[in-house]
Amino acid sequence: MRFYLFLKILFIGSLLYSCQNKSAAPSLAQTEDTLSYHKKMVDEHSNYFLKGDDQLDTTYFRASYPVFDEVKINDLVSSIDHLEGDTSMEEAAHRFISAYNEYVDDNNGKSTATWNRDLQVDVVANTPVYLALRTKQEEYTGGAHGDHVTLYSNFDRQSNRSITIDDIIRKEDKGRFTTIAEQCFRKQEGLNKDDSLNGKYFFEEGKFSLADNFTFEKNELLFYYNIYEIKSYAEGSTELRIPYTAIKDLMSEKGLHYINSIN
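Quick summary incoming for the structure in this document. Owing to the predicted nature of the structure, the values given are computational and were not obtained by experimental measurement.

Remarks on the sheet that holds strand β2 (residues 56–68)
- An order of β1-β2-β3-β4-β5-β6 is seen for the 6 strands of this open sheet, with the pairing classed as mixed. Edge strands, defined here as strands with exactly one partner in the open sheet, are β1 (37–51) and β6 (161–162).

The structure is reproduced here in structure tokens:
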């Protein structure tokens, strides 16, 4: 009798344990068949300090980026981490700080402003068939204002190569897709179908065009226009989202496969 009571308690305990663990779903980085990685930090400062009102300021380079366990994947995304062709993040940091130090040296050890560069690379999708990274960089090296850029990078896990818009939209439907994208853009911007895209916008010859910068979201395809691409600095960047429900009939099997993998 005690033996059966023990089994009953053990069974109930296992049920409670399993229910408690269901609420703690693993992250994408930990899920089976997704890529394993860890985040690495680089933080380097100049030895030159600039005295402000109540504090000292200095030039710095900061970076946070993923390092994957698979060497092939790291080789694939190395160009994403190093926007200016450096071979390592440490090299990028050293070059940036050295450039500032040389600038100060050339001005007899004086500077009117400090520089800074913040680089953050994040994994925004990590599935058995699809990997997406978002690279955000903010930089100031003097002048009226700083600069910032956001780049999305998409990779096919089977072929280990970058995904382009031609991979996900059927060639014969590219025109229809661009038309739908323009309709979404005009609605978002509060424009009528005949309103000009000249003046406020920087589209070549006033003709709408898609950004090369895109990624898959849960329900929409996101196109990201950085500052100066289609608007002035004051207008900032532009995010254009196109619902999958509007374009699924135009997408290739690969495109649909990527979408299904993140839903």
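Now that the structure is up, let's keep going.
Thoughts on the environment of leucine 221
- Tracing the chain through its elements places leucine 221 in strand β8 (residues 220–225).
- Leucine 221 sits 38 residues away from isoleucine 259 along the chain, and the two C-alpha atoms are 9.2 Å apart.
- Leaving out residues up to four positions away in the same chain, leucine 221 has contacts with Ile165, Ile168, Phe177, Phe214, Thr215, Phe216, Leu240, Arg241, Ile242, Tyr244 and Ile247.

What to know about the side chain of arginine 117
- Secondary-structure assignment places arginine 117 in strand β3 (residues 116–126).
- A polar side-chain atom of arginine 117 sits 2.4 Å from a polar atom in the side chain of glutamate 139.
- With sequence-adjacent residues up to four places away left out, arginine 117 is seen in contact with Tyr60, Phe61, Arg62, Glu84, Arg95, Phe96, Gln137, Glu138 and Glu139.

Quick word on the pattern of salt bridges
- Under the definition given, this model contains 16 salt bridges.
- Between glutamate 172 and arginine 170 there is a salt bridge whose closest N-O contact spans 3.7 Å.
- What makes glutamate 172 exposed here is its relative accessible area of 62%.
- When its relative accessible area of 30% is taken as the criterion, arginine 170 is described as partly exposed.
- A salt bridge links glutamate 189 to lysine 231, with the nearest nitrogen and oxygen atoms 3.1 Å apart. Taken as a pair, glutamate 189 in helix α5 (residues 174–189) and lysine 231 in the loop between β8 and β9 (238–243) lie far apart in primary sequence, 42 residues in all. The burial state of glutamate 189 is the same as that of lysine 231; both residues are buried.
- Taken together, the salt bridges that share partners define one network made up of Arg170, Glu172, Asp173 and Arg176.

What counts and what doesn't
Residues numbered from 1 in each chain as written. Predicted model: local features only at pLDDT ≥ 70, side-chain atom pairs only at ≥ 80, totals over all residues. Heavy atoms only, no water. Pairing = 2+ DSSP bridges. Helix = DSSP H or I, 4+ residues; strand = E, 2+ residues; numbered from the N terminus. Contact = heavy atoms within 4.5 Å. Polar contact = N/O pair within 3.5 Å; in protein donor to acceptor, adjacent residues only side chain to side chain. Salt bridge = Lys/Arg side-chain N within 4 Å of Asp/Glu carboxyl O. Buried < 20%, exposed > 50% of the residue type's maximum accessible area, 1.4 Å probe, protein only.

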